[in-house]
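Below, each chain spelled out in residue letters.
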Amino acid sequence: MNTNSKIYVAGHRGLVGSAIVRKLQGKGYSNLVYRTSDELDLRDKPQVDAFFAEEKPEFVFLAAAKVGGIVANNEYPAEFIHDNLLIQSNIIDAAYRNGVEKLLFLGSTCIYPKLAPQPLKEEYLLTGALEPTNEPYAIAKIAGIKMCESYNRQYGTKYISAMPTNLYGPNDNFDLHTSHVLPALLRKFHEAKGSNAPFVEMWGTGTPKREFLYSDDLADACVFLMNTYEGNEIVNIGVGEDITIKELGEKVKAVVGYEGDIQFDTSKPDGTPRKLVDVTKLNGLGWKSETVLEDGLQKAYQWFLDNELAAAK
């Protein structure tokens, strides 16, 4: 990409898309195009086709998706598979029909089998059964990966797919009902601190291990891959190390300054026992994450205080 290349960031107001916009602008890319969901319904093929025909972007970051944590995935499986299939199919096909030079599709590490060996290598895709709670979302993302691969094979396009680990950062979803674990914990501990609650309840046993990547690091990796990588194989994006959910709770507790206890509701599901990605491939290409978890948590919590709480007042 040149700094004056026309770049479309789909999902520019979300956690991932907003980080990509910040990173591109910070690196001097000035010809960015995007639309809000009110302006462009990405599930509507005629609308997407008309947008691409009018704007003719040269590069596309496909960060638009319907996302959510374990609760949302459990309660809205139809929306998760339906909406994501439509969004990615419409964009990938319109990109091909309008001569997009290169597209980066953002997937998720939930594409890997629930009981795959750890750490998760790219070649483990489609080698076993998925985690049931987010299977509809995972299947949609796998379809996106295969669509990119198929268009590359048939049409000679340059569409690449990146699989980020668990993400957090500015513009995250802090809704306790639909969010992922880390932003949900930030809100839970903040509210417990404000109400002087004696304890914070966390789901499950606290023993599952998770890896967390700061969204601005992901954005940096995406720009790096767009400029350097042209393989037809997926690429993991992560930090290469993980912690238990219990340890995460303790770190969030410290960042928020909450002084009560943590209790675990073991009647609630744990989800996948462990989900650590192998980042050997990405590291070998020349990229490594830089933000340590404690620093990222401080930044995410400050954004929550400055934006979520300020907006609620």
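Not measured: the values here are computed from a predicted model.

**Looking at the packing of aromatic side chains**
Turning to step 1, where the next piece is worked out: Scanning the model with the defined rule gives 12 aromatic pairs in all.
Turning to step 2, where the next piece is worked out: Seen in terms of ring centroids, Phe-174 and Phe-304 are 4.9 Å apart; in terms of plane orientation they differ by 45°. Their pairing is tilted. Here Phe-174, found in the loop between β6 (166-168) and α6 (181-195), pairs with Phe-304, found in helix α10 (residues 293-312); they are 130 residues apart in sequence, far enough to count as distant.
Turning to step 3, where the next piece is worked out: The rings of Phe-174, Tyr-301, Trp-303 and Phe-304 are connected pair by pair, giving a single aromatic cluster.
Turning to step 4, where the next piece is worked out: In this structure, Lys-66 is placed above the aromatic ring of Phe-80, and the distance from its NZ or CZ to the ring centre is 5.4 Å.

**Things to note about the pattern of salt bridges**
Close approach of charged atoms allows side chains of opposite charge to pair.
Turning to step 1, where the next piece is worked out: In the structure shown here, the tally under the stated rule is 19 salt bridges.
Turning to step 2, where the next piece is worked out: Arg-43 serves as the salt-bridge partner of Asp-83, at 3.6 Å between the closest nitrogen and oxygen. Here Asp-83 is found in helix α4 (residues 77-97), whereas its partner Arg-43 is found in the loop between β2 (32-33) and α2 (45-55), with 40 residues between them in sequence.
Turning to step 3, where the next piece is worked out: When its relative accessible area of 39% is taken as the criterion, Arg-43 is described as partly exposed.

**Describing the pairing of strand β4 (residues 102-106)**
Moving residue by residue along a regular strand, the side chains alternate between the two faces of the sheet.
Turning to step 1, where the next piece is worked out: Of all the 5 residues making up β4, 5 are buried; the element is thus mostly covered by neighbouring parts of the structure.
Turning to step 2, where the next piece is worked out: Burial along β4 is two-sided: Lys-102, Leu-104 and Leu-106 facing one way and Leu-103 and Phe-105 facing the other are all buried.
Turning to step 3, where the next piece is worked out: Summarising the sheet, strand β3 (residues 59-62) and β4 pair through 4 bridges and their orientation is parallel. Bridging across to β4, Leu-62 finds its partner in Phe-105.
Turning to step 4, where the next piece is worked out: Bridge count between β4 and strand β5 (residues 159-164): 4 bridges; the pairing is parallel. Bridging from a neighbouring strand, Leu-106 pairs with Ala-162 of β5.
Turning to step 5, where the next piece is worked out: Remark: the β4/helix α5 (residues 135-155)/β5 crossover connection has right-handed handedness.

**Describing the nonpolar core**
Turning to step 1, where the next piece is worked out: Among the nonpolar cores identified, the biggest contains 41 residues, and Tyr-8, Leu-42, Phe-52, Ile-91 and Leu-103 are the most heavily contacted of them.
Turning to step 2, where the next piece is worked out: Taken together, the elements giving at least two residues each to this core come down to β1 (7-10), α2, β3, α4, β4, α5 and β5.
Turning to step 3, where the next piece is worked out: When residues of this core are assigned to their parent elements, the largest contribution, 7 residues, is made by α5.
Turning to step 4, where the next piece is worked out: Aside from chain neighbours lying at most four places away, what touches Phe-52 is Tyr-8, Pro-57, Val-60, Ile-91, Ala-94, Ala-95, Asn-98 and Val-100.
Turning to step 5, where the next piece is worked out: Membership of the second largest hydrophobic core comes to 33 residues, among which are Ala-19, Ala-162, Val-223 and Met-226.

**Observations regarding unusual backbone geometry**
Turning to step 1, where the next piece is worked out: At the junction of Gln-118 and Pro-119, the peptide bond is cis and its omega measures out at -5° in the coordinates.
Turning to step 2, where the next piece is worked out: With respect to the helices, strands and loops of the structure, Pro-119 is situated in the loop between β4 and α5.
Turning to step 3, where the next piece is worked out: A positive phi angle, near 65°, is found at Leu-126, a position not held by glycine.
Turning to step 4, where the next piece is worked out: Position of Leu-126 relative to the elements: it lies in the loop between β4 and α5.
Turning to step 5, where the next piece is worked out: For Leu-126, a relative accessible area of 56% translates into the label exposed.
Turning to step 6, where the next piece is worked out: A positive phi is found at Asn-196, a non-glycine position, where the angle reads about 55°.
Turning to step 7, where the next piece is worked out: Looking at where Asn-196 falls in the secondary structure, it is placed in the loop between α6 and β7 (199-203).

Criteria and thresholds
- Residues numbered from 1 in each chain as written.
- Predicted model: local features only at pLDDT ≥ 70, side-chain atom pairs only at ≥ 80, totals over all residues.
- Heavy atoms only, no water.
- Phe/Tyr/Trp six-rings, centres within 6.5 Å; stacked < 30°, edge-to-face > 60°.
- Helix = DSSP H or I, 4+ residues; strand = E, 2+ residues; numbered from the N terminus.
- Lys NZ or Arg CZ within 6 Å of the ring centre and 35° of its normal.
- Salt bridge = Lys/Arg side-chain N within 4 Å of Asp/Glu carboxyl O.
- Buried < 20%, exposed > 50% of the residue type's maximum accessible area, 1.4 Å probe, protein only.
- Pairing = 2+ DSSP bridges.
- Right-handed = clockwise from strand over helix to strand, strands pointing away.
- Core = buried A, V, L, I, M, F, W, Y, C linked by side-chain atoms within 4.5 Å.
- Contact = heavy atoms within 4.5 Å.

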